[in-house]
Amino acid sequence: MRIKLTDRDALIVVDMQNDFMPGGALPVPDADKIIPRLNEYIKLFESKGLPVFFTRDWHPPDHISFKGHGGIWPPHCVQDTPGAQFHPELYIPPDNKFIISKGTSRDFDAYSGFQGTILDDLLKERGVRRIFVGGVATDYCVKNTVLGGLSLGYEAFVLGDAIKGVDLKPGDVERAIDQMLTKGAVLTEISEIR
Ligand code: VGL
Ligand code: ZN
């Protein structure tokens, strides 16, 4: 299926932070391998004057998702630490980009970039109707961002060649993709997008 980008489209790059990369606090296998492809998408959207949103996990040091504080995850993406920075090779455009921090309050977690943020308002202000979503993790924040967008009425495209998952339980990634498609998302890749 060929997809032509229009002025109602936006790119959402999910959580491409050091802690989610190999060697980080909560590594997603091969997460760094998708950076070149994500950069292609980012430059494509930039070249068309379309907005690019970068979500980031941005937790306080005692966040409830952390082991010892009620959660299941090792501490990760603690505000203002190197692990919370975007991977240095990720291309961040100088203009028309937005950083969306989530999971910022101690007592709430957010797997969706829409949860507790102004992402929906920023998209609506710009007349965005279709979101293109890549990043990590397929089975957590990518999935929940796509499902959140769909339930808010956006059309959602999952960038199949620019996502990586955790697969804590084998099959989680496949199930996550299936769930997104069942709710109406479209799975696509760079060769289909113009
Ligand atoms: C994520 C686990 C915990 C994600 C964030 O970005 O997918 N996963 N916090
Ligand atoms: Zn987190």
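Thresholds, definitions, all that
Residues numbered from 1 in each chain as written. Chains lettered and ligands numbered in written order. Predicted model: local features only at pLDDT ≥ 70, side-chain atom pairs only at ≥ 80, totals over all residues. Heavy atoms only, no water. Phe/Tyr/Trp six-rings, centres within 6.5 Å; stacked < 30°, edge-to-face > 60°. Helix = DSSP H or I, 4+ residues; strand = E, 2+ residues; numbered from the N terminus. Lys NZ or Arg CZ within 6 Å of the ring centre and 35° of its normal. Contact = heavy atoms within 4.5 Å. Buried < 20%, exposed > 50% of the residue type's maximum accessible area, 1.4 Å probe, protein only.

Observations concerning the packing of aromatic side chains
And then number 1: Under the defined criterion, the tally for this structure stands at 7 aromatic pairs.
And then number 2: Pairing Phe53 with Phe98 gives two aromatic rings, centres 4.7 Å apart and planes at 15°, and the pair type is stacked. A residue pair is termed long-range when its members are at least 10 positions apart, and Phe53 in strand S2 (residues 52–57) and Phe98 in strand S3 (residues 97–102) qualify at 45 residues.
And then number 3: Cluster of aromatic residues (ring-pair linked, three or more members): Phe45, Phe132 and Phe157.
And then number 4: Its guanidinium or amino end placed over the ring of Trp58, Arg56 lies 3.6 Å from that ring's centre, counting from NZ or CZ.

Points about the environment of Gly135
And then number 1: Topologically, Gly135 is positioned in strand S4 (residues 130–136).
And then number 2: With sequence-adjacent residues up to four places away left out, Gly135 is seen in contact with Val14, Met16, Ile34, Leu38, Val142, Ala162, Ile163 and Lys164.

A short note on unusual backbone geometry
And then number 1: A cis amide bond links Val136 with the next residue in sequence, Ala137, at an omega value of -15°.
And then number 2: Checked against the element boundaries, Ala137 lands in the loop between S4 and helix H3 (138–151).
And then number 3: The residue Asn96 is not glycine, and still its phi comes out positive at about 55°.
And then number 4: On the secondary structure map, Asn96 appears in the loop between S2 and S3.
And then number 5: Assessed through its relative accessible area of 34%, Asn96 is described here as partly exposed.
And then number 6: Phi at Asp167 is positive, roughly 55°, even though this residue is not glycine.
And then number 7: Structurally, Asp167 is set in the loop between strand S5 (155–164) and helix H4 (172–182).

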